[in-house]
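Coordinates in review
Read off the chains here:
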Amino acid sequence: MKLSGLKSVDNAHDESLWAVTWVPATATRSPLLLTGSLDETVKLWKSDDLVLDRTNTGHCLGVASVAAHPLGSIAASSSLDSFVRVFDVDSNATIATLEAPPSEVWQLKFDPKGSLLAVAGGSSASVKLWDTNTWELVATLSIPRPEGPKPTDRSSSKKFVLSVAWSPDGKRLACGSMDGTLSVFDVVRAKFIHHLEGHHMPVRSLAYSPYDPRLLFSASDDAHVHMYDADGGSLVQAMSGHASWVLSVDVSPDGAAVATGSSDKTVRLWDLSMRAAVQTMSNHTDQVWGVAFRPPGGSDVRGGRLVSVSDDKSIALYDYS
Amino acid sequence: MQESLDAQPDDASLHFDMGVFLWDKGGEAKEPKEKAAEHFVISAKLNPKNGDAFKFLGHYYGCVARDTQRAIKCYQRAITLNPDDSDSGEALCDLLDEGGKESLEVAVCHEASERSPRAFWAFRRLGYLQVHRKKWTDAVQSLQHAIRGYPTCADLWEALGLAYQRLGRFTAALKSYGRAIELDHSLVFALVESGNISLTLAASKKGVDHFRLALEISPCCVSAHYGLAFGLLGFAKECINRGAYQWGASLLEEASEVARASAYVVKNISSIWKLHADIQLAYARCYPWNAEVQVLVSDKEAFKASILSWRKTCLLAARCARFSYQRALHLAPWQPNIYADIAVTSDLITSLENNYKQDSNARKLSEKMSMGALLLEGDNYEFWVALGYLSGHNALKQHALIRGLQLNVSLAIAWGYLGKLYRKEGEKILARQVFDRARSIDPGLALPWASMSAECHSRELAPVEAFESCLRAVQIMPLAEFQIGLTKLALRTGDLSSSQVYGAIKQAVQRSPQYPESHNLNGLVFEARKDYLSAAASYRFARHAIDISSQNFPNTQIRDVSINLARSLSKAGSAVDALQECEHLKKEGALDIEGLQVYAFSLWQHGENDLALSVARSLAASLSSMEKTSVATSICFICRLLYYICGLDAVTNNIVKMPKELFQSSEVSFVLSAIHALNGHNHLGSVVSSSRSFLTSHEEITRMHFLIALGKLVKNGSECCLGIQSGVAHLRKALHMYPSSNLMRNLLGYLLLSCKELNSCHLAVRCCKLDPPDLSNQEDLKSASDIHGAGSVSCYAIGNSNPKLTFPTCTKQCRTNPDSIRYLQKCLHQNPWNHNARYLLVLNFLQKAREEKFPHHLCVTINRLIFLALSNELHYKIEVSYQYQQFQLLLCASEISLQCGNRSTCITYAKKAAAIVLPDDYLFFAHLLLCRAHAMKGDLLNLQEEYTRCLELRTDCHIGWICLKLVESQYQLQINSNAIDLNFERSVKKGGNLWKMWMAVYNLVRGLISLQNRDLLSAEELMAQACSLADSESCLHLCHGAICMELGRQCHGSLFLSRAANSLSKVHEHSMIPLPLARILLAQAEGSLGSKEKWATNLRLEWYSWPPEQRPAELSFLIHLVARQLKAGSNSQSTVVFSTSPRRWVLQAIHINPSSMRYWRVLLKLLE
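Cut-off values and rules
Residues numbered from 1 in each chain as written. Chains lettered and ligands numbered in written order. Predicted model: local features only at pLDDT ≥ 70, side-chain atom pairs only at ≥ 80, totals over all residues. Heavy atoms only, no water. Pairing = 2+ DSSP bridges. Helix = DSSP H or I, 4+ residues; strand = E, 2+ residues; numbered from the N terminus. Axes fitted to C-alpha atoms, helices over the stretch in contact; angles between N-to-C directions. UniProt positions renumbered as here; feature names shortened; annotations may be inferred. Phe/Tyr/Trp six-rings, centres within 6.5 Å; stacked < 30°, edge-to-face > 60°. Buried < 20%, exposed > 50% of the residue type's maximum accessible area, 1.4 Å probe, protein only. Lys NZ or Arg CZ within 6 Å of the ring centre and 35° of its normal.

Going by what an unreviewed UniProt entry lists, chain B is known as Tetratricopeptide repeat protein SKI3 isoform X1 and is assigned to Senna tora.

The name given to chain A in an unreviewed UniProt entry is WD repeat-containing protein VIP3, with Senna tora as the source organism.

Some remarks on the sheet that holds strand 20 (residues 224-229) of chain A
Residue and element names in this part refer to chain A. Spatial ordering of the open sheet is given by 18-19-20-21, a layout of four strands whose pairing is antiparallel. At either margin of the open sheet sits one strand with a lone partner, and together these are strand 18 (203-208) and strand 21 (234-240). The sheet shows a mean angle of 20 degrees between the axes of neighbouring strands, direction not considered. The pairing of strand 20 with strand 21 spans six bridges and is antiparallel. Looking across to strand 21, one finds that histidine 224 is bridged to serine 240.

Describing the UniProt feature "repeat: WD" (unreviewed entry) in chain A
Residue and element names in this part refer to chain A. Annotation from UniProt places "repeat: WD" (unreviewed entry) at residues 10-46, 56-97, 98-140, 154-195, 196-238, 239-280 and 281-321. Across residues 56-97, the secondary structure splits into 0% helix and 55% strand, with the terminal C-alpha atoms separated by 14 Å. With 0% helix and 57% strand, the stretch residues 239-280 has end C-alpha atoms that lie 14 Å from each other.

Side note on unusual backbone geometry
The backbone of A:Leu50 sits at a positive phi, close to 55 degrees, despite the residue not being glycine. Topologically, A:Leu50 is positioned in the loop between strand 4 (42-46) and strand 5 (51-56). Phi angles above zero are rare outside glycine, and B:Lys134 is one such case at about 65 degrees. Of note, B:Lys134 is situated in the loop between helix 8 (120-132) and helix 9 (136-149).

Comments concerning the packing of aromatic side chains
In the structure shown here, the tally under the stated rule is 22 aromatic pairs over all chains. Centroid distance B:Phe984 to B:Tyr1002: 4.1 Å. Interplanar angle 10 degrees. Geometry classified as stacked. Note that B:Phe984 is positioned in helix 52 (residues 979-991) and B:Tyr1002 in helix 53 (residues 995-1012), a separation of 18 residues in sequence. Since its relative accessible area comes to 1%, B:Tyr1002 is described here as buried. Taken together, the aromatic side chains of B:Phe601, B:Trp604, B:Tyr643 and B:Tyr644 make up a single cluster linked through ring pairs. The ring of B:Tyr150 has B:Arg124 lying over it, and the distance from NZ or CZ to the ring centre is 4.1 Å. Geometry around A:Phe83 places B:Lys368 over its ring, the cationic atom sitting 3.7 Å from the centre.

Shown next as structure tokens:
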């Protein structure tokens, strides 16, 4: 397996790029790329050529996360002022604006079926689930406190939830928080199952393997990528190689590889069978905040694609084979 | 060695020596070391107390055989035997360290250190280990001990510094670090930590220096970069709090560079981004607007561009700050304070983006972000306060602030904001209570002070107090709002020209150039400081600011600015521009009362008198509809304008025509009084007296009395001279009512000096209070110091408190200020440009020199002073007073030259003086001086000429004629013998009350002349006349007495003797200090008349009339007679002085004057 650079766009945004995701292809168009940046805009790019399709404005502060509905018609973006804007990808019509108390929105993910939007709840130490039809809050999955609820307990801030991930079957949901613990929830019963331990610094990105719904990958500031048995609640493997924080992780559609982006300005490709980094891309000149594999599907999809975005304001597209 | 070893195989030391020899010789090879080890083993076996053997064994096992366990054991043995063995100790510890056996290592070191205080290696190790284990207290002790062993080990000092720092003993830590840096200049850690400690101790500047040093050694050290930026930020904040925006901004620029650079080196440290954001935020808040006034005044577009670029810079910085905060937040979203920071920055951006329109969305953003902080840390009262500050909803504000106060009741800032909120909602009482509480908790908070000044109405504060409070607020926190408020208050209290206000408004302009108000007030401040051009520029800026702002300003404000502009332009003297402004205003119909005044004034300035009058007329027409204060100013203005354009009569007529109700104020009263004073008739009497009833304050009333006194001078005076007496009379009465008024006192002194009354100069000096030089009021007509200086010159006796050379007989000697020369010097020292003081000083010195018979050193001084005074450019002015001063100075110079015998310069000066254009009255004296100079030279021809010139010129000064008379008689210039007498009598007739005195003096002079001519009888006659004219002058009596005595001696009988006795006894009645010779003469007269007792008493009294060192021999001789008398009569009332034997008196006389044979003879007689 290998990555080869296809194209990169410098100065894609006016400021640092912080988030990226693929919008799956619909019947009428091929997949699109969605990026969010500190310059308060969200941009849509046509794939492979990376042609700017549209610029969405409307956020008051930097865009921390973007997410796309599995059907490809809807997308959501969240900014530091804790607004989630849900919009129609093709028309940019605002479908809903979800407001949360400040500091209670971080990463966003749609569930694989597209009926729920999970929002990493930041300082609320919970994950909020929004119904994608009515855009109402349907559930709050809270991380249980170690020793009873205390309203003014400062420890609540230590469970700041940064990242969230859905299992491929949509039954499980995992979230990562700043103290390095991961929490796994049963979505159907809306119940906390267990913690996954091993990191000791903030976990900024999570990804389930699409191939094996038990496998959960986590990226943390302690420069490691962990592979967990999410159901068993045990650390399977820790992968080291990055020189600094690992900011983002994604699993390839075939489940054989993991890509990570890091503060050490590199993108690494990890071969899971060899359990080691097989390739390091150093084309970015600044820390890499997001990596994303293009999901399968669509008519004219030829090969695998990986995209990475960075503080150096550029987007890089790679061919994955 | 081998042999001796073979001989004594049991000798341990030989084995050891052999081992050492082999060990050293073997080098790197393994074999000899093995052999050596064998020897060491034997030696150790034979002598188990030899630690060195174990040490070498340890080396062998450690380095050669690689048997760590054995090596450790050997080393341990070595240390047990000799705890001071640092080699073994270090080696053992290294081995233990490698093996990871830290606690064992600690135990070994501990043991060694306990066993020997000289085991410094152990202390050092222990110290490092304790530092590593964070046992700071123990570490300090160990390290201190170790330093005794290794005083130059920089690492030890560094470790000690760290331990101190962790214990919170910052000064000790700084010292230790400092020592470490001294020993090793490359210790970055010590430098950085020193910097950090300095920052903790709030010594930003020092911290910055440390960090700079650290960066020189290690340019990539992130913590040093961070520290440097942080230190610069702290330093900049200090500057900004003092109001030095430009300085702060430049520091922040540097800090920003540093922070940015380090943020790009290590991107994922949230605190660096936060620091960068903090710096940018501070920059956005302090970046000052600096403009080149000249360029922007005329060009509105340039002004606009300048404002826009200023705001853009601020906005960019704020945006940059927000981006950086977001980066920080993105890295560490669990840190609540960054949310608060973003909230604050957003608020700032909103306020910069659109000043007036409150964008509800943007408001929400900052509100929301501050809530984010609260969600993360709900029990932090500061976040509650931030929310309270940023929120747009009053209810929420109140709630947040109260929550904050619940968490911390002594949170002054929260009380302050709460007060602000209540005030905005109109709950004044509540607001006041809350503000009072805030102030009592923290008097160093600016807001409550500002509120106090804002509430001056409801609190019934005097404006001065409000001003003080606001000033305090500004000093605590230089905010533009406070500064503008301060200036507004200063407008009311009249402090506009104070430098605090000046500085404040300058800063306000720097920070809020977009507000017209700040420019307008700046203009007012300039105007108060009499810088009218700058004021006009500021007003223009204000107008530009109004024009470019999209906000709608009320018309009144625009008009006010325009009128201010017109006024300052006309004050600056550019009438044309001012007229233009006024006409523009007129077109818009916006000319109000003040505008009309400015308009009329500018027209008058421009020479268009008719138009000015018509404007004044329209102003007068609107009088009835005005407020009371503006009525007063308008009337004053109209009257003055009329006076200048149409003259006195027109004004008087107009005033008579005006309704009296308009005159009900003090200002009008002054103007009316002035006109009334100038007007010879009494048309305005009733109007003026009725208007005077509106004077209220003491200040005003005394000023009015001043004016009335001046008016009386004019009114009661004749064509050529002022009615000084009436002025003096009025002032005396007024001063009785207002004894504290210096204004009146000084005027009275001035008038007294100018009036030709006996002793008035002494009175003048006595009625003026002499302030310390720096307090004297410059605005008076004459300052007290001038009056004192002039007064002291005007009496010949002043300044001589020690009668050695002369015996002044002035009875009114003024003892209050005997030292006017010194005082004038003080004045001159204080204001070297005070030419008046210098002039008076010259005169005073001349007087002094005259008294002391022109000693050389004084003449030199006076010459220098005169030279300085004459070089003053003021004398090129043509006003009479300056010309007169120059004349006087030249005469002084001439007089001094004359006295020094330098006749040619004397003549030159006098001729120069004579050439000045002045009334003949004065020029007379120049020619008189020329007379004297020529006479001295013996140049009779010129003397004659000047004498005739004097007679032609004439003078009203009596002393002039008297002098001329003396010159005439001395050089027998009797061309026209009667001329001087006639002239003198003529001037005496003019002279007023003093004629008797002058006649007496004149008679004295004539008597002296007769005496010179040996005509004793006529001399006596003249003297007797003089005495009868001026009975109180002791000198005259003395002269008369002496002449009578002479006549008596020449056998004219006892009639003259009794006359003499009569006159001489009067001498003592009238003179304040005993005049010498008077008593002796009296004694002789009395003696001749037959009273022996009176003779003796007078002689005895004569003894005391002389200063001790000047008593003549004759006096001693005469006293000897008294003493003999005493002896003979053995009088009981003898005093100590006179109880000495007559012989001693004679001896004393001979001692003083040995040439008198008379004394010798008496002595011989006495000895017989």
